[in-house]
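Take a look at the letters that make up each chain.
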Amino acid sequence: MKSKNNQDLILYCEYHKDSGHTTNNCISLRLEIERALKEGKLQHLLPGGQKATKRITPHNEGTSSGKRTMHVASTHMINGGKGRSRKATRRPDNDWKDEQVVFPKVRGGPRDRRAVVITGQLAHYCTERIFIDPGSTFDIIYEQCFNQFDQEDKDWLQAVDYPLAGFAGETVFPLGQITFPVRLTSGRHTRTEEVNFMVLPHTSKYDVLLGRESQSDFNMITSVPHSAVGFPTESGVAIIYARREVMTSDELRPTKVARPTPNDQPEKWVLNARYPDQKIALGHALSPTTRAHLKQLLFSNQDIFAWTPADMTGVPREIAQHCLNTLPGIKPVIQGQRHLGSAKNQAMHEQVQELLSAGILREVKYQTWLSNPVMVEKPSGGWRMCVDYKDLNKACPKDCYALPEINEKVDNLAPFRWKCFLDCYKGYHQVQMAIEDEDKTAFRTPTGNFCYTKMSFGLRNAGATYQKLMNDTFRGQISKSVEIYMDDLVVMSMEEDTMLIDIE
């Protein structure tokens, strides 16, 4: 069947609501879809496409009940250029980047003097506090904003081996750098550019700072008197005004500024963003230059740190291993089973699984000695698993290797002004047990019996074995640049300039 216009009535297009061709063969629809894809409007329909938009919560936003509130993003748009039709058109070439940005006339002249803070989107994160700073060389994401990102996005953070200099010459060592697409829109005109950000370990009332690099990429013109920014897009010139709510809050200034007091609190610095709970304390007496160089040194060598038990490679047996040397003729002791509460059993199970995955424990089926675990409550909360080795220790002779005199160590440290304190992470677990003594360290749990493949706390002569290892490792440096007591190390220096050399 055909219509009066000689169109095939069987072929129907849902887009045009007319016959003559099918929806799948509609050229107009195909062009419209391609245009929407380029603008990023259909990414959520693609495999692995755009995620749901996540709003970044301002640093100081919240209510008395502890719940954070959300502000509705609002921007104001004025189209630039003369003789432009109301319907936006797109040009396939790059001539649109040469479009002149013209701000509207204001009766009496524009007189705003406040910071230009606009709304924008980084990937699928929407923030209302993007500070436009033409004086900044770098584009910046502040830590309180970065912490709200998804972990899979945080993993894209790349190392930076140089500090950034501030307005007064102070140096700041960034957590790293990361690249995100930044989408700015005036409501009618939209533009997206890839921006490389530095992530700073500081909080700010702003989430993101766009410096000269990104402003150049956007061909952006900033007008402080208008409190607005303008930039060309493929469909016309976009002009975005600063949010009035943010501008009003920025106007609040203290009527009287208190005299600053010296800050004698150490800086808590996160060396590895994947483990934000593990922080390094930097003393307040360090100069900004030394502080930045120390951070750079630690950051470039962070692979030598053990962040989890699985990171501990252990000491080769030919260098050190722990032997029990049980006395001959001693009959093995199997302690009677002790019952623990459900909370302790759960904490013990979690710690056993962690040590199993790290290779510090292994399951044992035919034990000779068998001890009971003891759960000790930590001062900070939670439980620490220990093992009652009192019967096994009675069967082991004492190692007469002398431990250091703690008072002598303190006296040796006194003349040195600069000190770096290091605590060996699970240091005992770096030393392997003698293979013939592993089964003797067995202990029982509700899920099975396990023994240590690495030296455990509570074993007799464990302290002597570890101190002997440390003395052999740092022989020639002890009492000169290093003092060691068991698993505590102190790198000491007379001058601030030589401290980094001693640490390295």
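One can find the structure itself at the top, above this paragraph.
Residues numbered from 1 in each chain as written. Predicted model: local features only at pLDDT ≥ 70, side-chain atom pairs only at ≥ 80, totals over all residues. Heavy atoms only, no water.

Caption draft 1: Main features of the side chain of glutamine 351. Looking at where glutamine 351 falls in the secondary structure, it is placed in helix α7 (residues 342–357). In terms of polar contacts, glutamine 351 uses its side chain to reach the backbone carbonyl oxygen of tryptophan 383, at 2.7 Å. Excluding its chain neighbours within four sequence positions, the residues that come into contact with glutamine 351 are Met375, Trp383, Arg384 and Met385. (Helix = DSSP H or I, 4+ residues; strand = E, 2+ residues; numbered from the N terminus. Polar contact = N/O pair within 3.5 Å; in protein donor to acceptor, adjacent residues only side chain to side chain. Contact = heavy atoms within 4.5 Å.)

Caption draft 2: Focus on the packing of helix α6 (residues 288–300) against helix α11 (residues 496–503). The geometry of α6 relative to α11 is characterised by a closest axis approach of 11 Å and an angle of 5° between their N-to-C directions. The angle between α6 and α11 places the two elements in the roughly parallel class. Two secondary-structure elements touch here, α6 through Thr290, His293, Leu294 and Leu297 and α11 through Glu496, Met499, Leu500 and Ile503. Of the residues in the contact of α6 with α11, the class split is five nonpolar, two polar and one charged. (Axes fitted to C-alpha atoms, helices over the stretch in contact; angles between N-to-C directions. Parallel < 35°, antiparallel > 145°, perpendicular 65-115°, else oblique. Nonpolar A, V, L, I, M, F, W, Y, C, P; charged D, E, K, R; others polar.)

Caption draft 3: Structural view of the sheet that holds strand β14 (residues 236–241). Overall, antiparallel pairing links the three strands, which are arranged β12-β13-β14 in an open sheet. Looking at which strands have only one partner, the edges of the open sheet turn out to be β12 (221–223) and β14. Strand after strand, the sheet turns through a mean of 20° between neighbouring axes, direction not considered. Across six bridges, strand β13 (residues 228–233) lies against β14 in antiparallel orientation. Following the sheet pairing, threonine 233 is matched in β14 by glycine 236. (Pairing = 2+ DSSP bridges.)

Caption draft 4: Structural detail: the packing of aromatic side chains. Tallied over the full model, the rule gives ten aromatic pairs. An angle of 70° between the planes, with centres 5.7 Å apart, marks the rings of phenylalanine 146 and phenylalanine 149 as edge-to-face. Residue phenylalanine 146 is classed as buried on the basis of its relative accessible area of 2%. Their ring planes at 90° and their centres at 6.5 Å tell us that phenylalanine 173 and tryptophan 269 sit as a pair that is edge-to-face. Residue phenylalanine 173 is located in the loop between β8 (171–172) and β9 (176–185), and its partner tryptophan 269 is located in strand β15 (residues 267–270); the two are separated by 96 residues in the primary sequence. Considered together, phenylalanine 173 and tryptophan 269 belong to a single accessibility category, that of buried residues. Here the aromatic cluster, defined as three or more aromatic residues joined through ring pairs, consists of Tyr125, Phe146, Phe149 and Phe180. A cation over an aromatic ring shows up here: lysine 154 above the ring of phenylalanine 146, its NZ or CZ 6.0 Å from the ring centre. (Phe/Tyr/Trp six-rings, centres within 6.5 Å; stacked < 30°, edge-to-face > 60°. Buried < 20%, exposed > 50% of the residue type's maximum accessible area, 1.4 Å probe, protein only. Lys NZ or Arg CZ within 6 Å of the ring centre and 35° of its normal.)

By themselves, these observations are geometric and do not establish any function.
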